[in-house]
Structure formats: structure tokens, C-alpha cells
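Each chain, letter by letter, is given below.
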Amino acid sequence: MKFAVIVFPGSNCDEDAVRAIQQVLDEPAELVWHQSGSVDGYDAVIIPGGFAYGDYLRAGAIARFAPVMSAVRAHAQAGRPVLGICNGFQVLTEVALLPGALLANNHLQFRCDIVKLRVETTRTPFTADYQMGQEIRLPIAHAQGSYYADDATLQDLREHDQIVFRYVGENPNGSLDNIAGIVNRQRNVMGMMPHPERAVHPRLGSSDGAAIFTSLLHAWKEAVYA
Amino acid sequence: MTFLARVHVTLKASVFDPQGATVARALGTLGFDEVQDVRVGKYLEVRLSASDAAAARERVSAMCETLLANTVIERYEFTLAEEHH
């Protein structure tokens, strides 16, 4: 299974994502520059954390128009998996591959911490290796992670089992309904504020992020060998 | 013709604005007891050429819708002035 990790000017978790995939899965992961017009040949796309284009105007606003994003959109529309982490989640909402938006944290602070999350659905190719309702610990590091959507969208997300992760205990950013991560209706595009790629070994403080990558590999194998 | 669009982008009324709330609180602390609410937004100046004001208005609206504002969370308004050299 071959992973593409998109690199924008200002991405800073791209190498972490590559390392996590290589160490957890022993599968190839390559960096793909934002000027590239293609993600052909890749089975999954990761949009990593950072500050794409310096977060000018709004987080993710300029990244949306990078040449590679047309290819990522086509990849998503073909049903192949796309995972946006932190700034990548912001990018995915700006390109409208995911509904809603990420607002400034309600306390206005940049929050860097390890938080507790609950896995709210295992019916995604990103979370099938977790247990339903499992509580996990993942790092967060963001200033604009407060998920917002209007009432109708929020209702829609609940009805279609699209809320993937919720914060347990303290909500670190004021997100609606304690949302930490969501998936699209087709279930192949997920965005999340916490960083699974930073939690793939006990020495990093947690290895709870690894199951996202193993889930993706298992889903891909099932699809390929089914 | 050259036009100058002055664009204001602010969070929608339904979206909590923590910066605005903080500024409002600070104003209250400073004795400006009359302050009821503050919203913090962005101000952009866009200079553009267009055949007439109607065409300029249409183009600036399109810019706001596609890039300058995220209409999921923000609203925008702008004024247009013709520039003479």
C-alpha cells in the first residue's frame, strides 16, 4: 500500500507522517509537493499538520487552490482514502471535502497537550481496528481547532454516524459537541485535530495512533484481495 | 476603469467570536461601561479594473465567495469607489 503525504510550504508534520507509516506498517510513504498535479499510483493521501501557506487569510484557505488539491479531490471522489490531520483537517473543510469549519480555540490559546478521546465509530477505513467506544490518548497542538457547523449539518453528521472522535473530559478548544474528528458521508475522507502520527510508540507518550494506520492497511488489503 | 473595493469580513452572528468577547471585556475593565458587544473581523482593500461599477461589484462578490470569506462561518460586505488618476 503506497501513501502520499502532501507537502505545502509551511507543512511541518509531513516527515512525522512518513515515519509513522513506515514504522507502523512497513509500507512505502512518499512526500508529494503541492505543485504536483497528480497523486496517481498512491492508495491513500495524508494531508499533514503545519501551517500551509502560513495560514494566510484563514487556515487552509490558500492551500485549497494548490495544484495538487485538484488531484486530491479526484482521488477522494474515486472513493480512495484521504486523511487530514490538524492543519490537514482545516484544508479539507476549506476545499469542502468535509463539512463545517475550524474556528480559533474558544480560549484563544495555542494548546499543546495529550488529550483523551473516545472512538465514536469503527465503521470507517480509518478506525476499524479500534473498539467501539474505546478511549485513546493522542497529542493535540493547535490554535484553531474548534469545530463548527450549523445545526442542520451537525444533525446530519450525527444521523449518518460521521462523528469519529470526541474529546473526553475537558474539551480543549470549544468544539461543538466535543467533536475532534469527522468523516464524510462516503466514509473515505476523515479529518481530525489530534495527531495520530505523533503517537505510534510508547516512547512518544502513546501508541494509540497506530491503529489508524493499521486500519487503513487492513481496509486496503480487503479491497484489493476481496 | 479602476475601482477600490473595501471589504469587511466578520464571523457570522451565530458563531462565537472569542477575540471580540475578550476585547469587549477589556473595554469594560477600562471603564467603557456602555460597550455591549464587540466583533473582530478582517479588512481588505482590493484594487481592480472593470468596465463599470456593476461589473466590479460582481467580480468582488465572486472573490468574497470563493476566497476572501469562508461563508460557512463568515459574512462579508464591501463598498466600491471609482479611482481617478
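Asks: Can you help me understand the overall build of chain B in this one?
Replies: The secondary structure content of chain B amounts to two helices and three strands. From first element to last, N terminus to C terminus, chain B shows the α and β order β-α-β-α-β. Against the globule reference of 12 Å for 85 residues, chain B gives a C-alpha radius of gyration of 16 Å, more extended than a compact globule. Projecting the C-alpha coordinates of chain B onto the three principal axes gives extents of approximately 50 × 30 × 15 Å. Per-residue burial for chain B yields a buried fraction of 18% across its 85 residues. Restricting the contact set of chain B to residue pairs at least 6 apart, pairs at least 24 apart contribute 69%.

Asks: Explain helix 3 (residues 87–94) of chain A to me, please; I cannot follow it from the model alone.
Replies: Since the α-helix advances by 3.6 residues per turn, residues separated by three or four positions end up pointing in the same direction. All names here are of chain A. Counting buried residues in helix 3 gives eight out of eight residues, a clear majority hidden from the surface. Looking at helix 3, one finds that the buried residues are Asn87, Gly88, Phe89, Gln90, Val91, Leu92, Thr93 and Glu94. Those residues of helix 3 hidden inside the fold are in contact with strand 3 (44–47), strand 4 (82–85), strand 5 (101–103) and strand 11 (189–192). Ala96 occupies a position one or two residues after helix 3 and carries a positive phi of about 65°.

Asks: It is not clear to me how the packing of helix 1 (residues 14–25) of chain A against helix 5 (residues 210–225) of chain A should be interpreted in this structure. Could you clarify?
Replies: In a packed pair of helices, the relevant descriptors are the angle between the two axes and the axis-to-axis distance. All names here are of chain A. Relative to each other, helix 1 and helix 5 sit at 70°, their axes nearing to 10 Å. Comparing the axis directions of helix 1 and helix 5 gives the class roughly perpendicular. Crossing geometry of helix 1 relative to helix 5 is assigned as right-handed. Residue-level inspection shows Ala20, Ile21, Val24 and Leu25 of helix 1 in contact with helix 5, the latter providing Ala210, Phe213, Thr214 and Leu217.

Asks: What is the right way to look at the interface of chain A and chain B in this model?
Replies: Size of an interface: often given as the accessible area lost when the parts come together. Between chain A and chain B, the contact holds 11 residues from the first and nine residues from the second. Per-class residue counts for the side of chain A that touches chain B are six nonpolar, three polar and two charged.

Asks: Sorry if this is basic, but what is going on with the sheet that holds strand 1 (residues 2–11) of chain B here?
Replies: Strand pairing in a sheet is mediated by backbone hydrogen bonds. Such pairs are either parallel or antiparallel. Residues and elements named next belong to chain B. Ordered by their spatial adjacency, three strands build an open sheet running 2-1-3, and the pairing between neighbours is antiparallel. Each edge of the sheet is formed by a strand with only one pairing partner; in this case those strands are strand 2 (41–49) and strand 3 (74–83). On average, each strand axis in the sheet is inclined to that of its neighbour by 20°, with strand direction left out of account. Contacting strand 1, strand 2 and strand 3, helix 2 (residues 53–68) crosses the sheet at an angle of about 150° to strand 3.

Conventions adopted
Residues numbered from 1 in each chain as written. Chains lettered and ligands numbered in written order. Predicted model: local features only at pLDDT ≥ 70, side-chain atom pairs only at ≥ 80, totals over all residues. Helix = DSSP H or I, 4+ residues; strand = E, 2+ residues; numbered from the N terminus. Rg over C-alpha atoms; globule rule 2.2 N^0.38 Å. Buried ≥ 20, exposed ≤ 12 C-beta atoms within 10 Å, placed from the backbone. Contact = placed C-beta atoms within 7 Å. Axes fitted to C-alpha atoms, helices over the stretch in contact; angles between N-to-C directions. Parallel < 35°, antiparallel > 145°, perpendicular 65-115°, else oblique. Left-handed = near helix turned anticlockwise from the far one by under 90°. Nonpolar A, V, L, I, M, F, W, Y, C, P; charged D, E, K, R; others polar. Pairing = 2+ DSSP bridges.

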